[in-house]
Every structure is written in structure tokens, then in C-alpha cells.
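Okay, here's what each chain looks like letter by letter:
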Amino acid sequence: MSQLIDAVDVIVTSPSRNYVVLKITTSDGVVGWGDATLNGRELAVASYLRDHVGPTLVGKAADRIEDIWQYLYRGVYWRRGPVTMAAIGAVDLALWDILGKTLGVPVHRLLGGAVRDRILSYTHATGWDLPELIDSVEARRDQGFRAVRAQFGVPGLDKVYGVTRGAASYEPAGRGVGPAEETWDTPAYLRQAPTILTGLREHVGPDLHLLHDAHHRLNPTEAGRLARSLEPVDLYWLEDVIPAENQHLLRAVRDKTTTPLAIGEVFNTIWDCHELISERLVDYIRTAVSHVGGISHLRKILAFAEVYQVKGGPHGPSDVSPISIAASLHVGLATTNFAIQELMGYGPLVSEVFQASYRFDDGYLHPGDAPGLGVTVDEQAAARFPYEQAYLPIARDRDGTMKDW
Ligand code: KDG
Ligand code: MG
């Protein structure tokens, strides 16, 4: 006899940044946790779950995970989109967590078992100039990382998203009623990127994997030029060179370079990215487990991608909670074409709310062997950190024109 879904609760908490947590409780008292965080639009997903999804799930069999996914996707007139898919993702994660806890096994065993022993992980390094960037990358290497995303300043600009000056800590979403505004200069960035990344490669040697994220700010011509100029750097990947929705335009970039390309952290379904994969316009697909409808849907995307020799490298910034990192790692351990997991890391308060059993060792991650996803949420701690409005900065060209995110 299946356990029934008894209660669906939404918790919004802000231990240094905002997280939306879904708690599903079964008739037998088993609790499953899901991540419904959507950076800058957190309350929209909270309402979607609280007001529209939660009430329809009570009384359903908690182990009918695929059917509930179809019910929330196909059974609703308005499909796709980040709010809908983050909500479905949170439900899916919580139900896999419940199934694992009920059977007493970690989720990766329910996905077919481990196909590897550990999962390569990359983190972020940032420095305004080459000496600062080298210090930051070396500090990450000292922590054990074998893959590092390197972001740097641009001469003539005051600020660049994802980059700190000196040893200041890096928190991408600033608190306040609206986003901060920054100035952007593409020609200056295109001049700086090959200089600084070539210098970095010369310093770190050939073994460390280097990645770089262009945050969708270029057009295909600029992106092709950048990717070609970075070929001597031997990047693991160059990420988000053009706006993600301009998928067919990636072909123009592809035709100019052999630098591996990654894109997709803003995609929410397989229908958003199937051409990109089947035309092999990318080497790595970046869909995040919670933003793409959960474990059930990420597995389908990766199964499709496997056919085309495209690998997964899911998004893992500090604006997806440790529940998502854990879920992604369970998928990664059990999925052949899973290449690498981003782990930006968290501020110290986050571990007061989320206790995760995944572990980092020598540059690799492992989801752990706790039943379910292996993350628990301290609700009393969560209540100590109420929601605060916070947004990523926006960028404008020097003439005031809005840049793409
Ligand atoms: O919410 C958006 C951030 O998570 C994003 O800017 C971080 O690009 C990012 C990355 O690759 O981690
Ligand atoms: Mg990115």
C-alpha cells in the first residue's frame, strides 16, 4: 500500500540569500525535501506551489513520481517556463527523497546505481587583474579543486558581474528593492579575455581545468572571435557566449572554433534545448536539476544528450540550495554522460539551515549514502532568516542600452 501525500508546505528562508524549500510529508510521516529556489523570483514559485500545486497533491500516492510529474506538466494548460518548472522540480526532488527514505537507499541506487566512483567538480575564482586571479585560482587549487571557473575585471569598468576586487567575498545577488546597475564594455572585454586567460594558463600549467563564463553578453560574431582567441588556453568549456534562446546562432560560433561550448542554465525543459543537443551545437548542457523539472526530467535530457555525445555539466551556483546539489550528484553518480558539477559554495549561514551529507574530496564530489537525497532542513533555523528582496545586478552599455543577461 503506497504512502499518501499528507501535507505540502513551503518554507522561504534567507540565510545570506533567499531559498525556497518544499516539504512534502506522507501519511506515514516520511518527509521529503525539494528545492524551489528561483533567484530574484523566489516568491513567484512559492506562491505557485502553495496556492496551485500543493492542494492538488494531497491524497495522491507519493511513489507515483512519474505520474505526478506528468500531472503537473501535461495536466496544466500553461507549460514550461522557469516558475512552472522550478515548482515541478521541487515536487520531483521531494518525492525521490521520500522514495529513497522509504526504501532506505540513496537516490542514486534507485536510478540504476553508480556508474562512477566520484564526480568532478568545479568552483569559482575571481580576480580583478591577473595577479589577483592567480591568487584566487591557487587558493581554489589548495582546497583541492581540479577545475576552476576564472572570471576577471575589465579595464575601464568599475564592476564586472561575478568578479571581486581584492579579497572581498563574492555575493552575486545584492539585497534591496531593485537590481544594482553596472556598465559593460564588450570591446574592452574581448581585448582583456585572451590576455588574462593566456597568462593564467601559463601560470597554472596544463593540468588544471579552466572554465570561463561570458554570461550571454556577446553576439555570434563576437562570440566566435572570443572562442577562437581562447583556443591556446585549452578551456574545459566556454559558457553562455550568446543569449541562450538564440540557439541556432550557436552554429555560427561553432563553425569558427574548436573551444568546447556550454550553455543551458536558463533552459527549463528538453523542449527548450533538443535542437541544440541533436545538432550538437554544444558540448555540455547546463540545465540545473531543480530548474528543469527535477531528477525525472534531467535524466531524460541526459539520456537524449547521450545519443549525441553531449555531456551534462549542471548549474550549481549559491542560488540553488544544497538540496539541488545533492539531487544533481545522485544523477551524476548514476548517469554515464555526466561530466562535471558546478559547486560555487555557500556562505556560513547556509549550513545552519541545510545539513548535507554529500562530500568533497580531492576535487571530486560524492552524494553520500544516506537514504534519499541526504539533505535535511532545520525549520527552526530557517525561520530565523526571513525573506529579503535581493536581485542580481543588471548591465548597460556605455550609452545606456540594456545588455542581455
Ligand atoms: O541566478 C543566476 C546565477 O546563478 C548565475 O549568474 C551564475 O552564471 C552563473 C553560473 O554559471 O554559476
Ligand atoms: Mg553561468
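Procedures and definitions
- Residues numbered from 1 in each chain as written.
- Chains lettered and ligands numbered in written order.
- Predicted model: local features only at pLDDT ≥ 70, side-chain atom pairs only at ≥ 80, totals over all residues.
- Heavy atoms only, no water.
- Domains from an automatic or database assignment.
- Contact = heavy atoms within 4.5 Å.
- Buried area = accessible area lost by both parts, 1.4 Å probe.
- Salt bridge = Lys/Arg side-chain N within 4 Å of Asp/Glu carboxyl O.
- Helix = DSSP H or I, 4+ residues; strand = E, 2+ residues; numbered from the N terminus.
- Nonpolar A, V, L, I, M, F, W, Y, C, P; charged D, E, K, R; others polar.
- Pairing = 2+ DSSP bridges.
- Axes fitted to C-alpha atoms, helices over the stretch in contact; angles between N-to-C directions.
- Donors = N, O, S within 2.8 Å, 3.2 Å for Na, K, Ca; no water.
- Buried < 20%, exposed > 50% of the residue type's maximum accessible area, 1.4 Å probe, protein only.
- Phe/Tyr/Trp six-rings, centres within 6.5 Å; stacked < 30°, edge-to-face > 60°.
- Lys NZ or Arg CZ within 6 Å of the ring centre and 35° of its normal.
- Expected span 1.5 Å × (residues − 1).
- Polar contact = N/O pair within 3.5 Å; in protein donor to acceptor, adjacent residues only side chain to side chain.
- Bend = angle between axes of the 7 residues up to and from the residue.
- Near = heavy atom within 4 Å.
- Areas by Shrake-Rupley, 256 points an atom, 1.4 Å probe, with all protein chains shown as cover.

## Remarks on the domain arrangement of the protein
Turning to step 1, where the next piece is worked out: As assigned here, the protein comprises domain 1 (5–106) and domain 2 (110–369).
Turning to step 2, where the next piece is worked out: Taking only C-alpha atoms, the centre of domain 1 and the centre of domain 2 are 26 Å apart.
Turning to step 3, where the next piece is worked out: If you look at the interface, domain 1 gives 34 residues, while domain 2 gives 35 residues.
Turning to step 4, where the next piece is worked out: Both faces considered, domain 1 and domain 2 share a buried interface measuring about 2,800 Å² in area, 61% of it formed by carbon and sulfur atoms.
Turning to step 5, where the next piece is worked out: For the pair domain 1 and domain 2, the number of links is three salt bridges.
Turning to step 6, where the next piece is worked out: Between K300 and E66 there is a salt bridge, with the nearest N and O atoms lying 2.7 Å from each other.
Turning to step 7, where the next piece is worked out: Only strand 2 (19–26), strand 3 (31–35), helix 2 (65–73) and helix 3 (82–103) provide two or more residues apiece to the side of domain 1 that touches domain 2.
Turning to step 8, where the next piece is worked out: The leading source of residues in the side of domain 1 that touches domain 2 is helix 3, at 11 residues.
Turning to step 9, where the next piece is worked out: Its residues assigned to classes, the side of domain 1 that touches domain 2 shows 18 nonpolar, 10 polar and six charged.

## With respect to the sheet that holds strand 2
Turning to step 1, where the next piece is worked out: One open sheet holds the three strands; their spatial order is 1-2-3, and the pairing between them is antiparallel. Among the strands making up the open sheet, the edge pair consists of strand 1 (5–13) and strand 3. When the angles between neighbouring strand axes are averaged without regard to direction, this sheet yields 20 degrees.
Turning to step 2, where the next piece is worked out: Bridge analysis of strand 2 against strand 3 gives five bridges, and the strand direction is antiparallel. In the sheet register, T25 faces strand 3, and the bridge partner there is V31.
Turning to step 3, where the next piece is worked out: The strands that helix 3 touches are strand 1, strand 2 and strand 3; relative to strand 3, the one it contacts most, it runs at about 150 degrees.

## A few points about the coordination of the magnesium ion (ligand 2)
Turning to step 1, where the next piece is worked out: Every protein donor of the magnesium ion (ligand 2) is listed here as D213 (OD), E239 (OE) and E265 (OE), and their distances to the metal cover 2.0 to 2.2 Å.
Turning to step 2, where the next piece is worked out: Mapping the donors of the magnesium ion (ligand 2) onto the primary sequence yields the spacing D-x25-E-x25-E. Residue D213 is located in strand 8 (residues 209–213), and its partner E265 is located in the loop between strand 10 (261–263) and helix 9 (274–278); the two are separated by 52 residues in the primary sequence.
Turning to step 3, where the next piece is worked out: Overall, the relative accessible area of 3% leaves D213 in the buried class.

## Re the packing of aromatic side chains
Turning to step 1, where the next piece is worked out: Enumeration over the complete set of coordinates arrives at 14 aromatic pairs.
Turning to step 2, where the next piece is worked out: Between W69 and Y73, the aromatic rings sit 5.0 Å apart at their centres with planes inclined by 20 degrees, giving stacked as the arrangement. Linking W69 with Y73, this pair stays in helix 2, spanning four residues, or about one helical turn.
Turning to step 3, where the next piece is worked out: Members of the aromatic cluster, joined through ring pairs, are Y122, Y236, W237 and Y284.
Turning to step 4, where the next piece is worked out: A cation over a ring is seen here: R217 above W184, with NZ or CZ 5.0 Å from the ring centre.

## Looking at unusual backbone geometry
Turning to step 1, where the next piece is worked out: Of note, D234 is a non-glycine position whose phi angle comes to about 60 degrees, a positive value.
Turning to step 2, where the next piece is worked out: Summarising the element assignment, D234 is placed in the loop between helix 7 (220–229) and strand 9 (237–239).

## Focus on helix 5 (residues 130–142)
Turning to step 1, where the next piece is worked out: Its 13 residues place the ends of helix 5 18 Å apart at the C-alpha level, agreeing with the 18 Å of an ideal helix rising 1.5 Å per residue.
Turning to step 2, where the next piece is worked out: Within the span of helix 5, buried status applies to L133, I134, S136, V137 and E138.
Turning to step 3, where the next piece is worked out: Where the residues of helix 5 are buried, they touch strand 4 (119–127), strand 5 (147–152) and helix 6 (186–204).
Turning to step 4, where the next piece is worked out: The distance from a side-chain oxygen at the start of helix 5 to the backbone nitrogen of E132 is 3.0 Å, and the residue carrying that oxygen is D129.
Turning to step 5, where the next piece is worked out: Following helix 5 by one or two positions, G144 adopts a phi angle in the positive range, close to 115 degrees.

## Here's the deal with helix 1 (residues 42–57)
Turning to step 1, where the next piece is worked out: With 16 residues, helix 1 should reach 22 Å at 1.5 Å per residue; the first-to-last C-alpha distance of 21 Å fits that figure.
Turning to step 2, where the next piece is worked out: Where helix 1 bends most, the angle comes to about 35 degrees, and this point is L49.
Turning to step 3, where the next piece is worked out: If you check which residues of helix 1 are buried, you get E42, V45, A46, Y48, L49, V53, G54 and L57.
Turning to step 4, where the next piece is worked out: Contacts from the buried residues of helix 1 go to strand 1, strand 2, helix 2 and helix 3.
Turning to step 5, where the next piece is worked out: Just downstream of helix 1, G59 is the residue with a positive phi angle, here 95 degrees.

## Topic: the site of ligand 1
Turning to step 1, where the next piece is worked out: Taken together, 14 residues sit near ligand 1, with N39, Y161, E265, D319 and E342 positioned nearest.
Turning to step 2, where the next piece is worked out: Measuring from an oxygen atom of ligand 1, one finds a side-chain N or O atom of R286 at 3.0 Å.
Turning to step 3, where the next piece is worked out: Bound to the protein, ligand 1 loses 92% of the 330 Å² it would expose on its own.
Turning to step 4, where the next piece is worked out: Grouping the amino acids of the shell around ligand 1 by side-chain chemistry returns three nonpolar, four polar and seven charged.

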